[in-house]
Amino acid sequence: MPERPRRIRVQRDGPLLIEGPVEVVGEDGESTVSDRFTVAVCTCRRSREFPWCDTSHRCRRRKPPAETGDDAP
């Protein structure tokens, strides 16, 4: 029986949630493996546990909406 494709859920401003187990190969060729049923892969590169997400992205502050430069009330 063929294996079904892995499911990857994309979250706005968050990690990629991937059904495991997974092997992630970094740009340097280093391989990292997780056998968990779901893993969170960091996309913001702020994680201390990269490539795994440790929710460091939550610490960033959102910028206020841009000013229009219009002084009219």
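Note that the structure is a prediction, hence the values are computed from the model and not measured.

Engineer: Whenever I open this one, the sheet that holds strand β1 (residues 8-10) confuses me. Can you help?
Structural biologist: Backbone hydrogen bonds are what pair the strands of a sheet, in a parallel or an antiparallel way. Strand order across the open sheet formed by 3 strands is β1-β2-β5, with antiparallel pairing between neighbours. The strands lining the two open edges of the sheet, one partner per strand, are β1 and β5 (38-41). Averaged over neighbouring strand pairs, the angle between their axes works out to 20° when direction is ignored. As paired strands, strand β2 (residues 16-19) and β5 are joined by 4 bridges and run antiparallel to one another. If you follow leucine 16 over to β5, its bridge partner there is valine 41.

Engineer: How do you make sense of the pairing of strand β3 (residues 22-25) when you look at a structure like this?
Structural biologist: Looking down a regular strand, the side chains alternate between one sheet face and the other. Only one face of β3 is buried, namely the one carrying Val22 and Val24, since none of Glu23 and Val25 on the opposite face is buried. Here β3 folds back onto strand β4 (residues 31-34), and the loop between the two strands holds 5 residues, one of which, glycine 29, carries a positive phi near 90°.

Engineer: Where do I start with the side chain of glutamate 19 in this structure?
Structural biologist: Positionally, glutamate 19 belongs in strand β2. Relative accessible area serves as the criterion here: at 19%, glutamate 19 is assigned to the buried category. If we skip the residues at most four places from it in the chain, glutamate 19 touches Arg4, Arg6, Arg7, Phe37 and Thr38.

Engineer: I tried to follow the pairing of β4 on my own but got confused; where do I start?
Structural biologist: Direction of pairing for β3 relative to β4: antiparallel, over a ladder of 4 bridges. Looking at the pairing, valine 24 lines up with threonine 32 of β4.

Engineer: How should the environment of arginine 58 be read in this particular structure?
Structural biologist: Along the chain, arginine 58 falls in the segment after β5. Accessibility expressed as a relative area gives 64% for arginine 58, which makes it exposed. Residues arginine 58 and arginine 46, 12 residues apart in the sequence, show an inter-C-alpha distance of 9.7 Å.

Thresholds, definitions, all that
- Residues numbered from 1 in each chain as written.
- Predicted model: local features only at pLDDT ≥ 70, side-chain atom pairs only at ≥ 80, totals over all residues.
- Heavy atoms only, no water.
- Pairing = 2+ DSSP bridges.
- Helix = DSSP H or I, 4+ residues; strand = E, 2+ residues; numbered from the N terminus.
- Axes fitted to C-alpha atoms, helices over the stretch in contact; angles between N-to-C directions.
- Buried < 20%, exposed > 50% of the residue type's maximum accessible area, 1.4 Å probe, protein only.
- Contact = heavy atoms within 4.5 Å.

Function cannot be inferred from these measures alone, as they are strictly geometric.
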